[in-house]
Amino acid sequence: MIPPLLVALAATLAWSASGGAQYGGRPGDRGPQSILPGGGSTPIYQTVAPAPKRPAPARIQARIAELGRAFGPGVAISVRDIREGWSTSWNGDRLCPQQSVSKLWVALAVFDAIDRGALRPDDAMIVTRNDLTLFHQPIRALVGDQGYRATVSELLEREMTQSDNTANDMLLRRVGGPTAIRAMLTRLRIDNVRFGPGERLLQSGIAGVTWRQAFATGNGFEQARASVPVDQRRAAIEAYAQNPIDGAAPNAITGALARLVQGELLTPTGTQNLLALMERSKTGRARMKAAIEPDWLLAHKTGTGQELGGVVAGFNDVGLLTAPDGHIYAVAVMVARSSRPISERQAIIANVARAVIDDWKSGNGR
């Protein structure tokens, strides 16, 4: 018998840009024909009851503390065993810049709206040049003089698997903007998670720049940022790192991910579809993905902030690791501020994932 936890993650769907669905689980696993709203089939996902809380095993507590201590100031870590009910952390309640991790809350709000019948996956929006943002936005290449028509499901795919900033902001506006996201977080009792003003205002504020839509094309933003005096830029990025407007605590994120798997945040259909998008993420190859072994699944979202003088404000990976036996761990590793090179930032994230895998092996006699 396949454990319900394994079914919950392995039997997920990957939405195509057209709004159709295809099975995206492990080879050999049986997936549903469709779990899109109106698809007419019964989702395989089964709600997992919350486990009684208990202390984390000494070995994983020690390893997480060792990794956090070795990296030094700036890193915050949370690991939560959803089946066994334990958690351990290092600076786990520190508010860290989320950057693109915040796209997770936008996607959650979209699926929540779909669950409530306020939105449909095939609803279409026209993306115009006035909708473009900055930094990573692959959709920009498709936006011509007449704009580009995209469905909600396509924008979700781009937002969560490519971390497309314009797709994210289009969905953000569709569900009611930052105020609506904050209201949803309150309604779902997701505490210690802030939500910022959207990509354009967030990133320009971090750079000490007043946003102008002309910055969205070419390298306009980069040029404007380069014109800001270095001391002014440094003050802005340091202020952000110390009190991030989009800050979130790793413990809060792993708690929310656990509740997602336990069926507390969305319907079974919405849960499966959100997990599928997280599993299909193409970003962060050298972060948690670097530690994943055969027969493990990773459903995650990365986030990367701006750098100035070798100092980064926000370098993250958060997600769900599923073992071959269906054991699920929620993991969040967030570098709030650090001058450590990118290879070391990537390594701390990968090493936390390896520690989780090693803990599972130890507990299963492997």
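Here, the structure is the one placed above.
Residues numbered from 1 in each chain as written. Predicted model: local features only at pLDDT ≥ 70, side-chain atom pairs only at ≥ 80, totals over all residues. Heavy atoms only, no water.

**Q** Account for the side chain of serine 163, naming residues and giving values.
**A** With respect to the helices and strands, serine 163 occurs in the loop between helix 4 (152-161) and helix 5 (165-174). Judged by relative accessible area, serine 163 falls into the buried class, the value being 9%. Side chain to side chain, serine 163 and serine 100 meet in a polar contact 3.3 Å long. (Helix = DSSP H or I, 4+ residues; strand = E, 2+ residues; numbered from the N terminus. Buried < 20%, exposed > 50% of the residue type's maximum accessible area, 1.4 Å probe, protein only. Polar contact = N/O pair within 3.5 Å; in protein donor to acceptor, adjacent residues only side chain to side chain.)

**Q** Residue-level account of helix 4, with values.
**A** The buried fraction of helix 4 amounts to ten of the ten residues, a majority that puts the element mostly inside the structure. After helix 4 finishes, the residue serine 163 shows a positive phi value of roughly 55°.

**Q** Got a sec to walk through unusual backbone geometry? Specific residues and values, please.
**A** Of note in this structure, phenylalanine 135 is not a glycine but carries a positive phi near 55°. In this structure, phenylalanine 135 sits in the loop between strand 6 (124-127) and strand 7 (148-151). In this structure phenylalanine 135 comes out as partly exposed when scored by relative accessible area, which is 32%. The backbone of asparagine 192 sits at a positive phi, close to 60°, despite the residue not being glycine. Position of asparagine 192 relative to the elements: it lies in the loop between helix 6 (177-187) and helix 7 (199-207). Judged by relative accessible area, asparagine 192 falls into the partly exposed class, the value being 47%.

**Q** Give a detailed account of helix 10 (residues 250-261), specifying residues and quantitative values.
**A** In this model helix 10 runs 17 Å from its N-terminal to its C-terminal C-alpha over twelve residues, within 8% of the 16 Å that 1.5 Å per residue would give. Of all twelve residues that make up helix 10, twelve are buried, and the element is covered over most of its length. For helix 10, the complete set of buried residues consists of Pro250, Asn251, Ala252, Ile253, Thr254, Gly255, Ala256, Leu257, Ala258, Arg259, Leu260 and Val261. (Expected span 1.5 Å × (residues − 1).)

**Q** Tell me about the environment of histidine 300, and name the residues and values.
**A** Here histidine 300 shows up in strand 9 (residues 297-304). Considering only alpha carbons, one finds histidine 300 and methionine 160, 140 residues apart in sequence, at a separation of 9.0 Å. Those residues within four positions of histidine 300 in sequence are excluded, and the remaining contacts are Met278, Glu279, Ser281, Thr283, Met288, Lys289, Asp317, Val318 and Gly319. At 2.8 Å, the side chain of histidine 300 forms a polar contact with the side chain of aspartate 317. (Contact = heavy atoms within 4.5 Å.)

**Q** Mind laying out the nonpolar core, listing which residues take part and the relevant values?
**A** Ranked by internal contacts, the top residues of the largest apolar core, which has 69 residues, are Trp105, Leu108, Ile181, Ile190, Ile253 and Leu274. Here the element with the most residues in this core is helix 3 (residues 103-115); it accounts for ten residues. Once residues within four sequence positions are removed from consideration, tryptophan 105 is found in contact with Gln98, Ile181, Met184, Leu185, Ile190, Val193, Phe195, Ile253 and Ala256. Listed in part, the 29 residues of the second largest apolar core include Ile60, Trp296, Val312 and Val356. (Core = buried A, V, L, I, M, F, W, Y, C linked by side-chain atoms within 4.5 Å.)

**Q** Lay out the pattern of salt bridges with the relevant residues and their values.
**A** Taken as a whole, this structure holds 20 salt bridges when the rule is applied. Here arginine 129 makes a salt bridge to aspartate 145, at a shortest N to O gap of 2.8 Å. Taken as a pair, arginine 129 in the loop between strand 6 and strand 7 and aspartate 145 in the loop between strand 6 and strand 7 lie far apart in primary sequence, 16 residues in all. Note that arginine 173 is salt-bridged to aspartate 131, the shortest N-O span being 3.0 Å. With a gap of 42 residues between them, arginine 173 in helix 5 and aspartate 131 in the loop between strand 6 and strand 7 connect regions that are remote in the sequence. For arginine 173, a relative accessible area of 37% corresponds to the partly exposed category. A network of salt bridges, in which partner residues are shared, links Arg120, Asp122, Asp123 and Arg174. (Salt bridge = Lys/Arg side-chain N within 4 Å of Asp/Glu carboxyl O.)

Keep in mind these numbers describe shape, not what the thing actually does.
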